[in-house]
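Results of the structural survey
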Amino acid sequence: MRTQFVDSSQLVLADFLRPEIATELESLIRAEDALLESGRRTSVVAGRTTNLIPPQTSGTATPWTLVGPPHIQRFVALPFSLSASSPRLVTLLASINTLFSSPAFRTFIATLTSLLPTSYTTQVRRFRPGLDYTLARGEPSDSEARLDVGLGLTPVPATEADVRLWEGGEVGGWEVWLAGEEGGDEATYGAEQEEEPLLALEPGWNRLNVVLRDAGVVRFVKYLSARAPASRWDVGGEWEVVGVEESEDEVEGGEAQ
């Protein structure tokens, strides 16, 4: 796997969670999606069949919070501190987020990539159909590379038609990496790009994605259309990294903090 990462700067690991955790989590996420999807798809309005856009407050019941500002991004996320009485779905998602910030996971990532994670940000996110997205953002071309790590938690749809909707990309929800342009307008990325993306990953279930994002590369989650089969769910974030050999040299030289 390390060789593959060195060659392609990315890894996709299927079936990341333990089976008993994955099974319970999938059931809870499907139940939560069913609440939002009930009566929303194929509704008849003025004699026409359409998919309704849910209210902007959908999915924002405590402890979920709306993340913005809307000229940059919009989705709902979990806070880092939770009450002891949180629902089981929230507890499971929060425990995965805690795992991502643990020394054990840091060691796991270093073993896979030969890169040592230093500082990081992680988040549990839900993108709701008809509402949510992120605009293209990245680091300046003179900055260091970042490691993007995300666990896709979007259950596989029950019907082949909905599976094809996700796979076709027309309903959005894909995470995309693009070569940025100096002085470019981030609001235009993901709209009408002639350049092919460096990488595009569809929403998936129980898949861990590890992507090395070079300086100057931007990433975003495409606007999730009201036609989407369900919400996009994920846990992940980004890490500042240094080469393992570079880190060892610092320790030998007495410069490590």
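So, here's what we can say about the structure. Please read all numbers here as calculations on a predicted model, not as lab measurements.

1. Description of the nonpolar core
Of all hydrophobic cores here, the largest spans 32 residues; its most connected members are Leu-25, Leu-93, Leu-147, Val-149 and Leu-153. Those elements giving two or more residues to this core turn out to be strand S1 (10-14), helix H2 (19-37), helix H3 (88-100), helix H4 (103-113), strand S6 (115-127), strand S9 (146-153), strand S12 (205-213) and strand S14 (232-243). In contact with Leu-25, not counting residues within four places along its chain, are Leu-17, Leu-89, Leu-92, Leu-93, Ile-96, Leu-153 and Trp-205.

2. Thoughts on the packing of aromatic side chains
In this structure the tally under the stated criterion is 9 aromatic pairs. The interplanar angle of 80° and the centroid separation of 5.9 Å between the aromatic rings of Trp-64 and Trp-233 together place this pair among those described as edge-to-face. Here Trp-64 is found in the loop between strand S3 (48-50) and strand S4 (65-67), whereas its partner Trp-233 is found in strand S14, with 169 residues between them in sequence. Neither Trp-64 nor Trp-233 differs from the other in exposure class; each is buried. When the ring of Phe-100 is compared with that of Trp-239, the centres are 6.4 Å apart and the planes differ by 45°; the resulting orientation is tilted. Placement of Phe-100 in helix H3 and of Trp-239 in strand S14 is noted, with a sequence separation of 139 residues between them. You'll find Phe-100 and Trp-239 in the same group, each marked buried. Here the aromatic cluster, defined as three or more aromatic residues joined through ring pairs, consists of Phe-16, Phe-100, Phe-105, Phe-108, Tyr-120 and Trp-239. Arg-125 extends its terminal NZ or CZ atom over the ring of Phe-75, reaching a point 5.6 Å from the ring centre.

3. With respect to the pairing of S12
Of all 9 residues in S12, 7 are buried; the element is thus mostly enclosed. In this structure, S1 lies alongside S12, joined through 5 bridges in antiparallel fashion. Residue pairing in the sheet places Gln-10 in a bridge with Val-211 of S12. Looking at chain direction, S9 and S12 are connected through 8 bridges and run antiparallel. When the bridges of S12 are listed, Arg-146 appears paired with Arg-213.

4. Examining the pattern of salt bridges
Summed over all chains, the structure comprises 18 salt bridges. Between Arg-74 and Asp-132 there is a salt bridge whose closest N-O contact spans 3.7 Å. Linking Arg-74 in strand S5 (residues 73-77) with Asp-132 in the loop between S6 and strand S7 (133-134), this pair joins segments that are 58 residues apart in sequence. Since its relative accessible area comes to 16%, Arg-74 is described here as buried. The buried category is assigned to Asp-132, whose relative accessible area is 0%.

5. A look at the layout of surface pockets
Any space left empty among the atoms is revealed by the rolling of a water-sized probe across them. Quantified by volume, the largest pocket comes out at close to 670 Å³. Taken together, 39 residues line the largest pocket, and the ones lying closest to its centre are Arg-125, Glu-175, Arg-219, Gly-237 and Glu-238. Elements supplying a minimum of two residues to the lining of the largest pocket: S5, S6, strand S8 (137-138), S9, strand S10 (175-179), S12, strand S13 (217-221) and S14. Counting residues per element, the lining of the largest pocket draws most heavily on S14, at 7 residues. Its residues assigned to classes, the lining of the largest pocket shows 14 nonpolar, 13 polar and 12 charged.

6. What about the side chain of Asp-132?
Within polar-contact distance, the side chain of Asp-132 engages the backbone nitrogen of Arg-128 at 2.8 Å. Not counting chain neighbours up to four residues away, the residues in contact with Asp-132 comprise Arg-74, Phe-75, Val-76, Arg-126, Phe-127, Lys-222, Tyr-223 and Leu-224.

7. Structural notes on the sheet that holds S10
With antiparallel pairing, the 4 strands of this open sheet are ordered in space as S8-S13-S10-S11. Of all the strands in the sheet, just S8 and strand S11 (199-201) have a single pairing partner and so form its edges. Relative to S13, S10 is paired through 5 bridges, and the arrangement is antiparallel. Bridging across to S13, Leu-178 finds its partner in Val-218.

8. A look at the environment of Val-76
With respect to the secondary-structure elements, Val-76 resides in strand S5. Put simply, Val-76 and Trp-64 are 12 residues apart on the chain and 6.1 Å apart in space, counted from C-alpha to C-alpha. When neighbours within four sequence positions are excluded, Val-76 is seen to be in contact with Ser-58, Gly-59, Thr-60, Trp-64, Thr-65, Leu-66, Val-124, Arg-125, Arg-126, Arg-128 and Asp-132.

The rules behind the values
- Residues numbered from 1 in each chain as written.
- Predicted model: local features only at pLDDT ≥ 70, side-chain atom pairs only at ≥ 80, totals over all residues.
- Heavy atoms only, no water.
- Core = buried A, V, L, I, M, F, W, Y, C linked by side-chain atoms within 4.5 Å.
- Buried < 20%, exposed > 50% of the residue type's maximum accessible area, 1.4 Å probe, protein only.
- Helix = DSSP H or I, 4+ residues; strand = E, 2+ residues; numbered from the N terminus.
- Contact = heavy atoms within 4.5 Å.
- Phe/Tyr/Trp six-rings, centres within 6.5 Å; stacked < 30°, edge-to-face > 60°.
- Lys NZ or Arg CZ within 6 Å of the ring centre and 35° of its normal.
- Pairing = 2+ DSSP bridges.
- Salt bridge = Lys/Arg side-chain N within 4 Å of Asp/Glu carboxyl O.
- 1 Å grid on protein atoms, 1.4 Å probe; cavity = no way out; pocket = protein on both sides within 12 Å on 5 of 7 lines; lining within 4 Å.
- Points joined across faces, edges and corners; volume = space filled by probe spheres on them.
- Nonpolar A, V, L, I, M, F, W, Y, C, P; charged D, E, K, R; others polar.
- Polar contact = N/O pair within 3.5 Å; in protein donor to acceptor, adjacent residues only side chain to side chain.

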